[in-house]
Structures are given as C-alpha cells and as structure tokens.
Amino acid sequence: MKILVLHGINLNMFGKRDPAQYGTATLADIEASLQALGSELGAQVESYQTNIEGQMAERIHAAHTDGTAAVVINAGAWTHYSYGLRDALAILKCPVIEVHMSNVHAREAFRHVSVFSEIVKGQICGFGVDSYLLGLRAAVSAVQQARS
Ligand code: DQA
C-alpha cells in the first residue's frame, strides 16, 4: 500500500522555524519517523515537499496513476487559501487526510479556515510530529477499510 505524504510551503524549514509552534524536529526527522511507522504498518511511504504551488498540483495529479492508495497532506499556509490545490485534491479518488503540526484553531483567525476541509476524510492538528504519524495511521486504516 503506497501512502503519499505531501508537505507544502515553508515546511522544509521545520527545525529552524518558530519552535514554540512546530518544535525542533526537521522535515528529515519527520520523514524518518514516517518511514519507520510505514514499515511497521506494512505501508510504503513516499514524501514530497515543494514551495511551488504548481509543482504541488502536478504531484497531486500524478497520484492518480502512480498507485497512491491515500494521501496525507500538510499544505502549510496554502491550506488556508489555495482553491487550486483544493480542486486538485478533490479530483483524487483515494482518501486524503489533512494534518498540521500546530493547533491551528488556537492561533490567528486566518488559520482557523481550511479550504480543504470539505473534501478531506479528516483533519488532525496540534500534536507536533505525532500529527503526521496519526495521519499515516488514519490513511492506512481508511485504505484497509475500503478494501475489506
Ligand atoms: C501548519 C499550520 C499553518 O497555518 C502554517 O501556515 C504552516 C504550518 C502546521 O503544520 O501547523 O506552515 O500547517
């Protein structure tokens, strides 16, 4: 089972960026934790990060034909305003799980809105790196349920 984990704008800066919100783990640390959990759960995890919105849309488009069974996405600030990425995600047939390291609802008002909320299976926020790991568990479980 292939799970695609997408990291959006500025998320390559985890580890250097606002440790009060995001902790000190780097994106490489997060990816290593996802790989370890993926092996445990019998899932193949592929991670992709970009700061360029069009490249993210193209990676989502490619997920239609590359065997992706589910997507876990932290789109960073794009979450709050990118209708383009929302539309790209909405075309996917597989489950999409939205994750955030910080508790976006306890922060500035603009972060309370996710333009993805209506088209994702669910959202996980506020648990730091565990948000990703919970998102991966949710993705694997959603695929298993759909197949049973
Ligand atoms: C974030 C929350 C977003 O509001 C912010 O723009 C980010 C990171 C998170 O993981 O908590 O870049 O998605």
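Data block above holds the structure.
One structure accompanies this document, and this report is about it. (Residues numbered from 1 in each chain as written. Predicted model: local features only at pLDDT ≥ 70, side-chain atom pairs only at ≥ 80, totals over all residues. Heavy atoms only, no water.)

### Focus: the site of the ligand
So, step 1. Around the ligand sit Leu11, Arg17, Tyr22, Asn74, Gly76, Ala77, His80, His100, Met101, Ser102, Val104 and Arg111, and that is every residue in its neighbourhood.
So, step 2. At 2.8 Å from an oxygen atom of the ligand is found a main-chain nitrogen or oxygen belonging to Met101.
So, step 3. Against a free-state accessible area of 320 Å², the protein chains account for coverage of 99% of the ligand.
So, step 4. Residue composition of the shell around the ligand, grouped by class: five nonpolar, five polar and two charged. (Near = heavy atom within 4 Å. Polar contact = N/O pair within 3.5 Å; in protein donor to acceptor, adjacent residues only side chain to side chain. Areas by Shrake-Rupley, 256 points an atom, 1.4 Å probe, with all protein chains shown as cover. Nonpolar A, V, L, I, M, F, W, Y, C, P; charged D, E, K, R; others polar.)

### Some remarks on the sheet that holds strand β5 (residues 122-125)
So, step 1. An order of β2-β1-β3-β4-β5 is seen for the five strands of this open sheet, with the pairing classed as parallel. Each of the sheet's edge strands pairs with one partner strand only, and the pair in question is β2 (44-49) and β5. Ignoring which end each strand starts from, the neighbouring axes of this sheet average 20° apart.
So, step 2. Its contacts with the sheet put helix α2 (residues 27-41) on β1 (2-9) and β2, and the angle it makes with β2 is roughly 160°.
So, step 3. Sheet strands touched by helix α3 (residues 53-62): β1 and β2. Its angle to β1, the strand with the most contacts, is close to 170°. (Pairing = 2+ DSSP bridges. Helix = DSSP H or I, 4+ residues; strand = E, 2+ residues; numbered from the N terminus. Axes fitted to C-alpha atoms, helices over the stretch in contact; angles between N-to-C directions. Contact = heavy atoms within 4.5 Å.)

### A short note on the nonpolar core
So, step 1. Of all hydrophobic cores here, the largest spans 25 residues; its most connected members are Ile3, Phe14, Ile30, Leu34, Tyr132 and Leu136.
So, step 2. Listing elements by their share of this core, those giving two or more residues are β1, α2, β3 (68-76), β4 (96-100) and α5 (129-147).
So, step 3. Take this core: its biggest share by element is six residues, from α5.
So, step 4. Excluding residues within four positions of it along the chain, Ile30 makes contact with His7, Phe14, Ala25, Met101, Val129 and Tyr132.
So, step 5. With 19 residues, the next largest nonpolar core counts Leu6, Leu85, Ala88 and Val96 among its residues. (Core = buried A, V, L, I, M, F, W, Y, C linked by side-chain atoms within 4.5 Å. Buried < 20%, exposed > 50% of the residue type's maximum accessible area, 1.4 Å probe, protein only.)

### Topic: α2
So, step 1. Compared with an ideal rise of 1.5 Å per residue, which puts 15 residues at 21 Å, α2 spans 21 Å between its outermost C-alpha atoms and is within 8% of the ideal.
So, step 2. Along α2, the residues classified as buried are Leu27, Ile30, Leu34, Leu37 and Gly38. The buried residues of α2 occupy an angular sector of 105° when the element is viewed end-on, so they sit on one face. Turned more than 90 degrees off the buried face of α2, the exposed positions are Ala28, Ser39 and Glu40.
So, step 3. Note on α2: the residue one or two positions beyond its end, Gly42, has a positive phi of about 75°. (Expected span 1.5 Å × (residues − 1). Arc of directions from axis to C-beta.)

### Digging into the environment of Val104
So, step 1. In this fold, Val104 is placed in the loop between β4 and β5.
So, step 2. Taking the C-alpha atoms as reference points, Val104 and Ile124, 20 residues apart in sequence, are found 9.9 Å from one another.
So, step 3. In contact with Val104, not counting residues within four places along its chain, are His80, Arg111, His112 and Cys125.

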